[in-house]
Amino acid sequence: MLVVRSDDHLLHAPAGEVYGGRLVEPFERPDRWNSIVAALDAAGFTDVREPEPLDADALAAVHDPRYVDFLRTAWDEWTADGYDGDMIPTCFPVRRMQQHPPIDIDGRLGYYAFAAETSITSGTWSAALASAAIARTAQGLVSRGESAAFGLCRPPGHHAGLDYFGGYCFLNNAAVAAHGFRESGAERVAVLDVDFHHGNGTQDIFYDRGDVFFASLHGDPAHEFPHFSGFADETGIGAGTGATCNYPLPPGTGFIEWSEALADACARLVEHGAEALVVSLGVDTFGGDPISSFELATDDYSEMGRSLGRLGLPTVYVMEGGYAVDAIGVNTVNVLVGHEETSP
Ligand code: 6XA
Ligand code: ZN
């Protein structure tokens, strides 16, 4: 399987993350990438490509252009206002407040954020753009005939919605790939999100579209981030009615129960007629993950990959979460190897 990756991820390295009332070392940090690359190298995934530059239309198709402009200029506006720390949102437009972006950058930061653990730094825009370009490049390679590709995206993307960031995500890489498949001729596309957290951003972007089916298996938002999205009764709207499918699962979920949900999600996406598949691949479902509560084991990821490969669809994997840094490489690679074992 081809791998698409870029050193530009290094440009995004916030100094801290708001967690448990403290500013701690971010869980989503550059050495995650090193762990995955080391495991890819060890497993012989040597066909590595750099991302091609992203055309502007690819972002405009899945994000509000005003939000993209905000991300592009945010750091310069922040420093022009005299600030020099990372941009951490602190004020949000909650119920019964005005829902429009103010002029000053502090206000716009809160307007476009949905969570405060995610900072914007001097290099965040460049890193996020490269990450989205990785997803688009991987999709392009698959649309041109590769059976599957892995986009080692960092920062991740599945929490980034039409016009908001949070959960370590800025641009929605999976959505860029899914829309890319549509542009390349697939009538129907599926995004399957196996990260521990609900892919609220991907759901948001495709919620009213019938051409992109979205399924997510995740920690029940009654207990887990992103708290306000990912419940089973969120099933799509308008033309997208029935094309969103959520599997909220309880803390302590192990691979047997998780696999039952996966089988159901796979049956649904086949039923939907998907001609191409984007997998939001987070491995924070691992039992040793420091911020999650599922109990998957390293070998389970091989079986997960075999199940996904059996779908026989042109597939792009995009990297999402996973924070047990020593284990995420092998867990990720196990999925890709499993996929190759069973895909036609
Ligand atoms: C914030 C937790 C963010 C989790 C982000 C993630 N306390 N998403 O892994 O997949
Ligand atoms: Zn996650």
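Right above here is the structure, for reference.
What this report covers is the structure whose coordinates are included nearby.

At this site the zinc ion (ligand 2) is bound by Asp195 (OD), His197 (ND1) and Asp284 (OD), with donor distances of 2.0 to 2.1 Å. Relative to the metal, the six donor atoms surrounding the zinc ion (ligand 2) lie at angles of 29 to 159°, and the coordination shape comes out irregular. Each donor residue of the zinc ion (ligand 2) lies on one chain, and together they are spaced D-x1-H-x86-D. With Asp195 in the loop between β6 (189-193) and α7 (200-206) and Asp284 in the loop between β9 (276-281) and α9 (298-309), the pair connects residues that are 89 residues apart, well separated along the chain. Each member of the pair, Asp195 as well as Asp284, is classed as buried.

A word on the pattern of salt bridges. Inspection of every chain in the model, using the stated rule, returns 14 salt bridges. Taking the shortest distance from any N to any O, the salt bridge between Arg49 and Asp47 comes out at 3.0 Å. Under the relative-accessibility criterion, Arg49 is labelled partly exposed at 31%. For Arg306, the salt bridge is made with Glu303, and the minimal N-O distance between the two is 2.9 Å. One end of the pair is Arg306 and the other is Glu303, both in helix α9 and three residues apart, which spans about a single turn. Exposure remark for Arg306: the relative accessible area of 22% places this residue in the partly exposed category. Here the residues in one salt-bridge network are Glu303, Arg306, Arg310 and Glu341, joined through shared partners.

Attention shifts here to unusual backbone geometry. Cis rather than trans, the peptide bond between Arg154 and Pro155 has omega equal to 0°. Along the chain, the position of Pro155 falls in the loop between β5 (148-151) and α6 (173-183). Residue Pro226 is bonded to the preceding Phe225 through a cis peptide linkage, with omega at 10°. Looking at the element boundaries, Pro226 is found in the loop between β7 (212-219) and β8 (244-249). Phi is positive for Tyr168, close to 75°, though the residue is something other than glycine. As for its placement among the helices and strands, Tyr168 is situated in the loop between β5 and α6. One non-glycine residue, His227, lies in the positive phi region at around 65°.

What follows deals with the packing of helix α1 (residues 31-42) against helix α10 (residues 325-342). Where α1 contacts α10, the two axes come as close as 8 Å, and the packing angle between them is 45°. Considered as vectors, α1 and α10 are oriented oblique to each other. The handedness of the crossing between α1 and α10 is right-handed. In contact with Asp31, Arg32, Ser35, Ile36, Ala39 and Leu40 of α1, α10 contributes Val325, Asp326, Ile328, Gly329, Val330, Thr332, Val333 and Leu336. Class assignment of the residues belonging to the contact of α1 with α10 gives a composition of eight nonpolar, three polar and three charged.

Thresholds applied
Residues numbered from 1 in each chain as written. Chains lettered and ligands numbered in written order. Predicted model: local features only at pLDDT ≥ 70, side-chain atom pairs only at ≥ 80, totals over all residues. Heavy atoms only, no water. Donors = N, O, S within 2.8 Å, 3.2 Å for Na, K, Ca; no water. Tetrahedral: all angles 85-135°; square planar, octahedral: opposite > 155°, others 65-115°. Helix = DSSP H or I, 4+ residues; strand = E, 2+ residues; numbered from the N terminus. Buried < 20%, exposed > 50% of the residue type's maximum accessible area, 1.4 Å probe, protein only. Salt bridge = Lys/Arg side-chain N within 4 Å of Asp/Glu carboxyl O. Axes fitted to C-alpha atoms, helices over the stretch in contact; angles between N-to-C directions. Parallel < 35°, antiparallel > 145°, perpendicular 65-115°, else oblique. Left-handed = near helix turned anticlockwise from the far one by under 90°. Contact = heavy atoms within 4.5 Å. Nonpolar A, V, L, I, M, F, W, Y, C, P; charged D, E, K, R; others polar.

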